[in-house]
Amino acid sequence: MTKHIFVTGGVVSSLGKGLTSASIGMLLEQRGLKVKIQKLDPYINVDPGTMSPYQHGEVYVLDDGSETDLDLGHYERFTNSPLSRDSNYTTGQIYLSVIEKERRGEFLGKTVQVIPHITNEIKQCIKRLRDDDTDVVITEIGGTVGDIESQPFLEAIRQFSLDVGKENCLYIHLTLVPYLKAAAELKTKPTQHSVGQLREIGIQPDILICRCERTISREDREKIGLFCNVPLEAVIEEKDKDFSIYEVPLSLVEHGLDELIVRRLQLESSSTLDLDDWRELLHRMRNPSHEISIAVVGKYAEHKDAYKSIYEAIDHAGISNLAQIRIGRIQSEDVENEGPERLLSGYDGILIPGGFGERGIEGKVAAIRYARERNIPFFGICLGMQCAVIEYGRNVVGLTDAHSTEFDKDSPHPVICLLDEQKNIVEMGGTMRLGAQPAILESGTHCANLYGKTEVEERHRHRYEFNHVYRKQFAAHGMRFAGTSPDGKLVEIVELEDHPWFVAVQYHPEFKSKPTHSHPLFQGFIEAAVSRRVKEKQNASVSF
Ligand code: GLN
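Bear in mind the structure is a predicted one, so any value in this text is a computation, not a measurement.

Asker: Describe the overall build of the protein, with residues and values.
Answerer: Of regular secondary structure, the protein possesses 19 helices and 23 strands. Taken over C-alpha atoms, the radius of gyration comes to 25 Å for the protein, in line with the 24 Å a tight globule of 544 residues would show. A principal-axis box enclosing the C-alpha atoms of the protein has dimensions of 70 × 70 × 45 Å. A buried classification covers 57% of the 544 residues belonging to the protein. Sequence-distant contacts in the protein: of pairs separated by 6 or more residues, those separated by 24 or more amount to 74%.

Structure representation (structure tokens):
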């Protein structure tokens, strides 16, 4: 019998519900349980695929090609929960499905309403994850309790316990317990109000997880428990972590959360947790042997979530290389205006992430030229690869004005062009080349060596590709096509032969990196950056 955990958030947004849900999933897995996680998002877009990274942060792509919320990245990094299309639903998707059913006449002439039709649809989305193999389904409800948009979701999860039995559902509410400097005390009132709102719609939370900057005293926890009708042991503190988000699961264990969940849901699980890997990871983070800096040059550099998985994957490779990494978030337009020398000197590696649209392209091209000419380790991802091809075309192959047709339809040298399969597509949502696709690697290349194999599967999200008309010309000038699609038609990886580490890929390796298993290409990139730093240090000491 599958059990259900619902995670809601109150008081303010950005409390880290995603991270907390992922941590809960991880703890339950470590206790030997099979877990699935999903997120229900209250906005009306059908998926985040068409949303601006400024609005929504990165779009996280799954193997099956669904374009999802970035919290699913936390789920994959923390757990082994299999994620698919069913792991992320939005209000838009729910309504779309109900309206399509209505058009097909499936409601037999009835008036279609939020209750029961929309709430039934939401419950279906949750039930899809139930199966004999799954002990616990964790459903995170996006947004904040009290938002108009999230009401149907809260109503649906309230009803859910009627369908599957109260004893099979657990409601966890994440709140904020702020510290007021002027009063020199923690304030519990916002939590009381938020729980009050939940209770008004018929949900009594079983567990409160209280985000705070300072330790909550026993008295304050008692007060919260009393006002919110929750026993003291279920008022759990989740204090801000100034060192790393990877401390969150360990601190939740210290406060007894896993034990409490297992007991409340009467789950048959092992009584101990194996957190050795996780502790080892934090130990490595605390004891680095190297310090390096990596420049990520992108269009959304100032937005902390726009390249979330890239930053995470860099950190993972830092952990495995015992390197503390300072990430410089550089606006590509600034590189355009101020020149690469001023903004990029001193970095041990340069990474250009994926993206869309023309703004900042010339800055990326300039940054790549700088990395190539100065032998600085370079890693290009998706648009980053396409820019590397443009740069090489213009400055090495001699194709003046080489460009991508995404930015210049009439380029005399369209070295990047629309994929054939994209030529007749007009709709924007969910129509790119998406999800896991195989690639064949040429042995002896950086990539094949790092992966340790010549067949890989990586996640994609693009419409444009290397224009194969130019392949021979580029190869003659030293660009190596280290990986292609199995039919050899699409270029997946380019490398440079006479450069210490210049690798660019058409796919998104960042989506498959985990804190305990750094992605091989990020691993290699950071290793190359570390060796460059070590050599520079040696050179500096020789010259003294
Ligand atoms: N805009 C490019 C394309 O559509 C790159 C996409 C990306 O970086 N995700 O092919």
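Asker: Account for the pairing of strand E22 (residues 491-496), naming residues and giving values.
Answerer: The buried count for E22 comes to 6 of 6 residues, which makes it a mostly enclosed element. Sheet analysis places strand E21 (residues 479-484) next to E22, joined by 5 bridges and oriented antiparallel. Each bridged residue has a counterpart across the sheet, and for threonine 484 the counterpart in E22 is valine 491. Counting the residues between successive antiparallel strands, the hairpin from E21 to E22 contains 6 residues, one of them, glycine 488, with a positive phi of roughly 80 degrees. Pairing of E22 with strand E23 (residues 502-505) involves 3 bridges; the strand directions are antiparallel. In the sheet register, glutamate 495 faces E23, and the bridge partner there is valine 503. In this antiparallel pair of consecutive strands, E22 and E23, the connection spans 5 residues.

Asker: Tell me about the sheet that holds strand E18 (residues 433-441), residues and numbers included.
Answerer: The strands making up a sheet associate through backbone hydrogen bonding, with each pair oriented either parallel or antiparallel. With mixed pairing, the 9 strands of this open sheet are ordered in space as E13-E12-E14-E15-E23-E22-E21-E18-E19. Strands at the two margins of the open sheet, each flanked by one partner only, are strand E13 (323-331) and strand E19 (455-462). Within this sheet the neighbouring strands show an average axis-to-axis angle of 25 degrees, counted without direction. The pairing of E18 with E19 spans 8 bridges and is antiparallel. Paired with alanine 439 across the strands is valine 456, a residue of E19. Here helix H16 (residues 383-397) sits on the sheet and contacts strand E14 (349-352), strand E15 (378-381), E19, E21, E22 and E23; the angle it forms with E15, its principal contact strand, is near 115 degrees.

Asker: Pulling in residues and values, what's your account of the environment of proline 288?
Answerer: The residue proline 288 is located in the loop between helix H11 (276-286) and strand E12 (290-298) in this model. With relative accessibility at 30%, the residue proline 288 sits in the partly exposed group. Among residues more than four places away in sequence, those in contact with proline 288 are Leu322, Ala323 and Gln324.

Asker: Explain the nonpolar core residue by residue, including any values.
Answerer: Within the largest apolar cluster, 56 residues are counted, with the highest numbers of intra-cluster contacts made by Ile5, Ile24, Leu28, Ile207, Ile209 and Ile261. Take this core: its biggest share by element is 6 residues, from helix H1 (residues 17-30). Grouped together as the second largest cluster of nonpolar side chains are 40 residues, Ile330, Ile361, Ala388 and Phe502 included.

Asker: Requested: an account of a nonpolar patch on the surface, with residues and values cited.
Answerer: Residues Tyr95, Ile99, Val114 and Ile115 make up a contiguous nonpolar surface patch of roughly 330 Å² in combined accessible area. Secondary structure elements with two or more residues in the nonpolar patch: helix H4 (91-103) and helix H5 (114-127). Turning to its location among the elements, tyrosine 95 is positioned in helix H4. In this structure tyrosine 95 comes out as partly exposed when scored by relative accessible area, which is 32%.

Asker: Can you lay out the packing of aromatic side chains for me, pointing to particular residues and giving the numbers?
Answerer: Ring pairs (aromatic) are described by centroid distance and by the angle formed between their planes. According to the stated counting rule, one finds 17 aromatic pairs in the structure shown. Ring centres of tyrosine 54 and tyrosine 300 lie 5.1 Å apart, and the angle between their planes is 80 degrees; this geometry places the pair in the edge-to-face category. Taken together, the positions of tyrosine 54 in helix H2 (residues 53-56) and tyrosine 300 in the loop between E12 and helix H12 (308-320) put the pair 246 residues apart, joining distant regions of the chain. Its relative accessible area of 36% is what places tyrosine 54 among the partly exposed residues. For tyrosine 300, a relative accessible area of 11% puts it in the buried group. Note on phenylalanine 379 and tryptophan 501: the rings are 5.5 Å apart at their centroids and 90 degrees apart in plane angle, and the pair reads as edge-to-face. Of this pair, phenylalanine 379 sits in strand E15 while tryptophan 501 sits in the loop between E22 and E23; the two residues are 122 residues apart in sequence, bridging distant segments of the chain. Judged by its relative accessible area of 4%, tryptophan 501 is buried. Seen from the ring of tyrosine 179, arginine 214 lies directly overhead, with NZ or CZ sitting 3.7 Å from the centre. Positioned over the ring face of tyrosine 311 is arginine 329, at 4.2 Å from the centre of the ring.

Asker: Please provide a residue-by-residue account of the sheet that holds strand E20 (residues 464-466), values included.
Answerer: Strand order in the open sheet formed by 3 strands is E16-E17-E20, and the pairing between neighbours is mixed. Edge strands, defined here as strands with exactly one partner in the open sheet, are strand E16 (402-404) and E20. Neighbour-to-neighbour, the strand axes of this sheet turn through a mean angle of 30 degrees, independent of strand direction. Pairing of strand E17 (residues 413-418) with E20, which is carried by 3 bridges, proceeds in the antiparallel orientation. Its bridge partner being in E20, isoleucine 416 is matched across the sheet by phenylalanine 466. Taken strand by strand, H16 contacts E16, E17 and E20, and its axis lies near 165 degrees from that of E16.

Asker: Lay out the site of the ligand in plain terms, naming residues and giving numbers.
Answerer: The local shell around the ligand consists of Gly354, Gly355, Phe356, Cys382, Leu383, Gln386, Glu406, Arg461, His462, Arg463, Tyr464 and His508. A distance of 3.0 Å separates an oxygen atom of the ligand from a polar backbone atom of arginine 463. Here the ligand has 300 Å² of accessible area as a free molecule, and 99% of this is covered by the chains. The set of elements that each furnish at least two residues to the shell around the ligand consists of H16 and E19. Taken together, the residues that form the shell around the ligand break down as 4 nonpolar, 5 polar and 3 charged.

Asker: Explain the pattern of salt bridges residue by residue, including any values.
Answerer: Under the criterion given, the structure shown has 40 salt bridges. The salt bridge involving glutamate 102 is made with arginine 103; its shortest N-O contact spans 2.7 Å. Classification of glutamate 102 by relative accessible area gives partly exposed; the value is 32%. Residue arginine 103 is classed as exposed on the basis of its relative accessible area of 66%. Of the charged contacts, one joins arginine 211 and glutamate 238 as a salt bridge, the two residues approaching to 3.8 Å between their closest N and O atoms. On the criterion of sequence distance, the pair formed by arginine 211 in strand E10 (residues 207-212) and glutamate 238 in strand E11 (residues 235-239) is long-range, its members being 27 residues apart. Looking at arginine 211, the relative accessible area reads 16%, which means it is buried. A relative accessible area of 3% places glutamate 238 in the buried class.

Parameters at a glance
- Residue indices follow the written sequence of each chain, beginning from 1 at its first position.
- Whole-chain, interface and lining totals are the exception, using all residues; otherwise, since this is a predicted model, local features are given only for residues with pLDDT of at least 70 and side-chain atom pairs are given and counted only at 80 or more.
- Note: side-chain values were computed over all heavy atoms of the structure, leaving out hydrogens and water.
- Labels follow the DSSP assignment, with helices taken as runs of H or I lasting at least four residues and strands as runs of E lasting at least two, numbered in each case from the N terminus.
- Only the C-alpha atoms count toward the radius of gyration. The rule for a globule is 2.2 Å times the residue count to the power 0.38.
- Each residue is assigned to one of three classes by its accessible area relative to the maximum for its type, calculated with a 1.4 Å probe on protein chains only: buried under 20%, partly exposed between the two thresholds, exposed over 50%.
- Throughout, a residue-residue contact means that at least one pair of heavy atoms, one from each residue, lies within 4.5 Å.
- Strand pairing follows a simple DSSP-based rule, namely that at least 2 bridges must link the two strands.
- Between N-to-C directions, angles span 0 to 180 degrees; the directions come from axes that are lines fitted to C-alpha atoms, helices contributing only their stretch in contact.
- For this analysis, a nonpolar core means a set of buried residues of the types Ala, Val, Leu, Ile, Met, Phe, Trp, Tyr and Cys, connected via side-chain atoms within 4.5 Å.
- Two distance rules govern patches: like charges are joined within 9 Å, and nonpolar side chains (Val, Leu, Ile, Met, Phe, Trp, Tyr) within 5 Å, applied only to residues with over 30% relative accessible area and no salt bridge.
- Only the protein chains shown count as cover for residues, with accessible areas throughout obtained via the Shrake-Rupley method and a probe of 1.4 Å.
- Put simply, a salt bridge is a Lys or Arg side-chain nitrogen that is within 4 Å of an Asp or Glu carboxyl oxygen.
- Stacked, edge-to-face and tilted are the three classes for Phe, Tyr and Trp ring pairs, Trp counted by its six-membered ring, which pair at centre distances within 6.5 Å; planes under 30 degrees apart are stacked, over 60 edge-to-face, the rest tilted.
- Consider the ring centre and the ring normal. A charge sits over the ring if Lys NZ or Arg CZ is within 6 Å of that centre and within 35 degrees of that normal.
- Residue proximity to a molecule or strand is established when one non-hydrogen atom of the residue lies within 4 Å of it.
- Within 3.5 Å is the distance limit for a polar contact, defined as a pair of N or O atoms, with the added protein rule that one can donate a hydrogen and the other accept it, and that residues adjacent in sequence qualify only through two side-chain atoms.
- Polarity classes work like this: nonpolar for Ala, Val, Leu, Ile, Met, Phe, Trp, Tyr, Cys and Pro, charged for Asp, Glu, Lys and Arg, and polar for all others, with Gly in that last group.

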